[in-house]
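Geometric and topological summary
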Amino acid sequence: MRSPITGIVALFVLFVVLIVGYSSVFTVSQTEQVLVVDAFARYRIKNALRFYQSIGSIQAANIQLTTLLNASLRRVLGEVTFITVVRDQREALMARIREQLDKEADGYGIQVVDVRIRRADLPEQNSQAVYQRMQTERQREAAEFRAQGGQKAQEIRSNADREATVIIAEANSTAEQVRGAGDAERNRLFAEAYGKDPDFFAFYRSMSAYETGLKSNDTRFLLRPDSDFFKFFSNSSGKPPVAAAAAPAPPAAPKP
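Residues numbered from 1 in each chain as written. Predicted model: local features only at pLDDT ≥ 70, side-chain atom pairs only at ≥ 80, totals over all residues. Heavy atoms only, no water.

**Observations regarding the overall build of the protein**
The helix and strand inventory of the protein stands at 8 helices and 2 strands. Each helix (α) and strand (β) of the protein, taken in turn from the N terminus, gives the series α-β-α-α-α-α-β-α-α-α. The burial tally for the protein puts 15% of its 256 residues in the buried class. Of the contacts made within the protein by residues no fewer than 6 positions apart, 65% connect residues no fewer than 24 positions apart. Total accessible area computed for the protein in this model is approximately 19900 Å², and 58% of it derives from carbon and sulfur atoms. (Helix = DSSP H or I, 4+ residues; strand = E, 2+ residues; numbered from the N terminus. Buried < 20%, exposed > 50% of the residue type's maximum accessible area, 1.4 Å probe, protein only. Contact = heavy atoms within 4.5 Å. Areas by Shrake-Rupley, 256 points an atom, 1.4 Å probe, with all protein chains shown as cover.)

**What about the nonpolar core?**
The nonpolar side chains of a soluble globular protein tend to be buried with one another. Ranked by size, the top nonpolar core spans 20 residues in total, and within it Ile 97 and Leu 101 carry the most contacts. Those elements that provide at least two residues to this core are helix H3 (58-77), helix H5 (90-105) and strand E2 (110-121). The element that contributes the greatest number of residues to this core is H3, accounting for 8 residues. Setting aside its immediate chain neighbours within four residues, Ile 97 contacts Leu 69, Ser 72, Leu 73, Val 76, Leu 77, Val 115 and Ile 117. (Core = buried A, V, L, I, M, F, W, Y, C linked by side-chain atoms within 4.5 Å.)

**Thoughts on the side chain of Ser 72**
For Ser 72, the location among the structural elements is in helix H3. By relative accessible area, which is 0% here, Ser 72 ends up buried. Apart from residues no more than four positions distant in its own chain, Ser 72 is found in contact with Ile 97, Gln 100 and Leu 101.

**Overview of the packing of aromatic side chains**
Given two aromatic rings, one states the distance between the centres and the angle between the planes to describe the pair. Here the structure, examined in full by the defined rule, presents 1 aromatic pair. Aromatic pair Phe 51 and Tyr 52: ring centres 5.2 Å apart, planes at 85°, arrangement edge-to-face. (Phe/Tyr/Trp six-rings, centres within 6.5 Å; stacked < 30°, edge-to-face > 60°.)

**Section: the confidence of the model for the protein**
When pLDDT is averaged along the protein, the result is 75, and 64% of the positions lie at 70 or above. Within the protein, the lowest mean pLDDT, 53, falls on helix H1 (residues 4-24), and the highest, 89, falls on helix H2 (residues 48-54). (pLDDT = per-residue confidence, 0-100.)

**Considerations on H3**
One turn of an α-helix holds 3.6 residues; hence residues three or four places apart share an orientation. When the terminal C-alpha atoms of H3 are compared, their 27 Å separation across 20 residues agrees well with the 28 Å that a helix rising 1.5 Å per residue should span. Of the positions making up H3, those classed as buried are Ala 60, Ala 61, Leu 65, Thr 67, Leu 68, Leu 69, Ser 72, Leu 73, Val 76 and Leu 77. Capping the start of H3 is the job of one residue whose side-chain oxygen sits 3.2 Å from the backbone nitrogen of Ala 60: Ser 57. (Expected span 1.5 Å × (residues − 1). Polar contact = N/O pair within 3.5 Å; in protein donor to acceptor, adjacent residues only side chain to side chain.)

Here it is in structure tokens:
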């Protein structure tokens, strides 16, 4: 004959199993995302009498706290995004979960000391989709940065080319002005020299022509010897030699 106590214990175990099973079953909407979370809590018994009156044993306390922890995790983490859980506000979220769990465990004479999220991941298929989306987003940002960099580089090159064109044009203009002023001054000096001493001016021009025409590697010329080009070779004055006066004819002999 089975003892009534055995039946009560079996019903209690079945009740606990149902609670744990129910806490592990959930429905995901199309607009929601599943997060696999590995967390644990540390607690201490602050009121032994209340603890044994309400829950009875450490094993039962662990089961009850697991249920409460799962519920608190769902409430807190269900309000935030995946990035917030894994990166941005993880410490603050664990503090909120600990406060909620501690408030609910107070009726059992238990104080929750700490709650830690050891791991927070998406299911494998979701993880691959998230990683692919993150990779696509990074690639898009990289392409955008490269495009912006290329555009900026093109603007810099265009500005540099435009400035170089302006600088070269201004330099050429200044050079032409200086060259024109130099040519004008040279012509003025030539005209002044010619007015003062035409012979010296002619000599200077001939010397310049000799310097230009008689190169060090080739001094050959096909010219007549009496050409004006060589007039200062035969006479330092550059003037043609004066022909000697004809001698007077001897007087005619007297006729007999």
